[in-house]
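Report on the structure
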Amino acid sequence: MTTIGASRNPSESPTDLHAYLGNRRELIEQTLDTFLPSPAIPPGKIHDAMRYAVMGGGKRLRPILAIAAAEACGADIRPLLRSFAALELIHTYSLVHDDLPALDNDELRRGRRTTHVVFGEAIAILAGDALLTEALVWLAEPVPTVDAETQLRAIRTVVNAIDSRGMIGGQVADLESEHMDLAAADPASTGALLEFIHRNKTGKLLTASVLLGGILAGASETRLEILAKYGAAVGLAFQIVDDLLDQEETAETLGKTAGKDLAQGKLTYPRLFGVDAARIEAMGQLEIALKSADMMTGALNYLGPIARYICERRA
Ligand code: GRG
């Protein structure tokens, strides 16, 4: 059983951050393994598929952001881990559905065959549905350190981020913008559409992750506003960096198909503004995130180093 390591504030050392990320990732892995339904429960196939999708790697960034936010607010994270792990179920459901033939039609995810390739399309659709539903079960489970009203606010924050005005809406706008004729489009409205896609498809769940940590930690409204600003900046930077990595890295490094955005005619920051301008925009968002992180005064605050990691990662 992993114990909570790194109980002091971070130095600028990358080793320090990697130890922190490794420890928090391990806590999330253990929580997922403990609470995901066992394949021994019938029908075993769906539970197998859910576990295959979730337990096959991944950075676990969303629950780690929730943990870091809660710690930056001074909370004991142990009673909150199941709620935070629910974010990984939601994220994985979106990946399973995103990889389906009707959407991105991808066969590689986290360095392995995608869920529909292994289990068939019908089970993959149902596994995605079941992961989303399981996430709601975990979020609704009473937490001894949190009152019911606060928990309700936390649940509302997460589900609002992933509805048709959030993650799903961003995905729909993304689909509709494929193969757009940029030469014929007004650059200002195309830029606004791109920001809409990124902030909704990816940014809102990342922001909700940080807010979930803050809300369940009992943070003040002022702190929640700081966390929301941090989350929005990190969310946008994350997707811009993802666009750049899709162009610059190999499938081997990414664990997923590379160069897909271009092949699918996706609207991305490097495509619309060029690689250099995309990198400058990501760095601008990083600055906003770092300033917000510095305003958090908890005894343990890794929000700044995590934001930097998100912008400097290679996968
Ligand atoms: C079809 C009902 C239905 C829903 C679709 C697909 C979808 C809903 C939403 C798409 C959300 C999506 C896939 C956004 C992309 C975000 C992104 C860059 C994911 C990769 O995240 P990482 O790098 O992945 O954190 P790991 O593997 O590390 O977890």
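What you see is a predicted model; the values in this text were computed from it and never measured.

1. Side note on the site of the ligand
- For the ligand, the set of nearby residues contains 19 residues, the closest of which are Lys59, Arg62, His91, Arg110 and Gln171.
- In the environment of the ligand, an oxygen atom lies 2.8 Å from a nitrogen or oxygen atom belonging to the side chain of Arg110.
- Coverage of the ligand by the protein amounts to 86% of the 740 Å² it exposes when considered alone.
- When atoms are counted within 2 Å of each cavity's grid points, the one that captures over half of the ligand is the largest pocket.
- When contributions to the shell around the ligand are tallied by element, the ones reaching two or more residues are helix 4 (81–98), helix 8 (167–176), helix 9 (187–216) and helix 10 (221–248).
- Per-element accounting of the shell around the ligand gives the leading share, 6 residues, to helix 4.
- Here the shell around the ligand is composed, by residue class, of 6 nonpolar, 7 polar and 6 charged.

2. Section: the nonpolar core
- If you look at the biggest cluster of nonpolar residues, it comprises 82 residues, and the most contacted ones within it are Phe84, Leu227, Tyr230 and Ile306.
- Leave out the neighbours within four places in its chain, and Ile306 touches Leu17, Tyr20, Leu21, Leu61, Ile64, Leu65, Ala68 and Tyr230.
- With 13 residues, the next largest nonpolar core counts Leu236, Leu245, Ala278 and Ala282 among its residues.

3. Considering the layout of surface pockets
- The volume enclosed by the largest pocket comes to roughly 1000 Å³.
- Around the largest pocket, the lining is made up of 44 residues, and of these Leu95, Asp98, Arg109, Asp242 and Lys256 lie nearest the centre.
- Counting only elements with at least two residues in the lining of the largest pocket, the list comes to helix 3 (61–72), helix 4, helix 8, helix 9, helix 10, helix 11 (251–254) and helix 12 (260–263).
- Along the lines of polarity and charge, the residues of the lining of the largest pocket split into 13 nonpolar, 12 polar and 19 charged.

4. Looking at the environment of Ala148
- Inspection of the secondary structure puts Ala148 in helix 7 (residues 148–161).
- Along the primary structure Ala148 and Arg279 are separated by 131 residues, whereas in three dimensions their C-alpha atoms are 42 Å apart.

5. Some remarks on unusual backbone geometry
- The residue after Pro42, namely Pro43, is reached through a cis peptide bond having omega -5 degrees.
- Summarising the element assignment, Pro43 is placed in the loop between helix 1 (14–35) and helix 2 (44–54).
- Phi is positive for His179, close to 55 degrees, though the residue is something other than glycine.

6. Section: the side chain of Glu88
- Position of Glu88 relative to the elements: it lies in helix 4.
- Only 2.9 Å separates the side chain of Glu88 from the side chain of Arg60, close enough to count as a polar contact.
- Apart from residues no more than four positions distant in its own chain, Glu88 is found in contact with Leu32, Arg60, Leu61, Pro63 and Arg110.

7. Examining empty space enclosed by the protein
- Taken as a whole and judged by the stated rule, the model has 2 cavities of 30 Å³ or more.
- Considered as a void within the structure, the largest cavity measures approximately 120 Å³ in volume.
- As for the largest cavity, its lining consists of 13 residues, and the residues nearest its centre are Tyr52, Ala53, Arg109, Arg110 and Thr115.
- When residues of the lining of the largest cavity are traced back to their parent elements, those giving at least two are helix 2, helix 4 and strand 2 (112–113).
- Broken down by element, the lining of the largest cavity gets its largest block of residues, 3 residues, from helix 4.
- Of the residues belonging to the lining of the largest cavity, the class tally is 4 nonpolar, 4 polar and 5 charged.

8. Things to note about the pattern of salt bridges
- Within the structure shown, the criterion is met by 19 salt bridges.
- As a salt-bridge pair, Arg60 and Glu88 come within 2.9 Å of each other at their nearest N and O atoms. Note that Arg60 is positioned in the loop between helix 2 and helix 3 and Glu88 in helix 4, a separation of 28 residues in sequence.
- On the basis of relative accessibility, which here comes to 0%, the residue Glu88 falls in the buried class.

9. Here we look at the packing of aromatic side chains
- Inspection of the entire model under this criterion finds 4 aromatic pairs.
- Summarising the aromatic geometry, the rings of Phe35 and Trp138 are spaced 6.0 Å apart at their centres and angled 70 degrees between planes, so their arrangement reads as edge-to-face. Here Phe35, found in helix 1, pairs with Trp138, found in helix 6 (residues 121–140); they are 103 residues apart in sequence, far enough to count as distant.
- Owing to a relative accessible area of 1%, Trp138 belongs among the buried residues under this scheme.
- Relative to Phe273, the ring of Tyr269 lies with its centre 5.5 Å away and its plane at 45 degrees, an arrangement referred to as tilted. With Tyr269 and Phe273 both in helix 13 (residues 269–273), this residue pair falls 4 residues apart, about one helical turn.
- Its relative accessible area of 5% is what places Tyr269 among the buried residues.
- Owing to a relative accessible area of 43%, Phe273 belongs among the partly exposed residues under this scheme.
- Above the face of the Phe238 ring, Arg62 is positioned so that its terminal group lies 5.4 Å from the ring centre.
- Over the aromatic face of Phe238 sits the side chain of Arg313, whose NZ or CZ is 4.1 Å from the ring centroid.

Thresholds applied
Residues numbered from 1 in each chain as written. Predicted model: local features only at pLDDT ≥ 70, side-chain atom pairs only at ≥ 80, totals over all residues. Heavy atoms only, no water. Near = heavy atom within 4 Å. Polar contact = N/O pair within 3.5 Å; in protein donor to acceptor, adjacent residues only side chain to side chain. Areas by Shrake-Rupley, 256 points an atom, 1.4 Å probe, with all protein chains shown as cover. 1 Å grid on protein atoms, 1.4 Å probe; cavity = no way out; pocket = protein on both sides within 12 Å on 5 of 7 lines; lining within 4 Å. Sits in = over half its atoms within 2 Å of the grid points. Helix = DSSP H or I, 4+ residues; strand = E, 2+ residues; numbered from the N terminus. Nonpolar A, V, L, I, M, F, W, Y, C, P; charged D, E, K, R; others polar. Core = buried A, V, L, I, M, F, W, Y, C linked by side-chain atoms within 4.5 Å. Buried < 20%, exposed > 50% of the residue type's maximum accessible area, 1.4 Å probe, protein only. Contact = heavy atoms within 4.5 Å. Points joined across faces, edges and corners; volume = space filled by probe spheres on them. Salt bridge = Lys/Arg side-chain N within 4 Å of Asp/Glu carboxyl O. Phe/Tyr/Trp six-rings, centres within 6.5 Å; stacked < 30°, edge-to-face > 60°. Lys NZ or Arg CZ within 6 Å of the ring centre and 35° of its normal.

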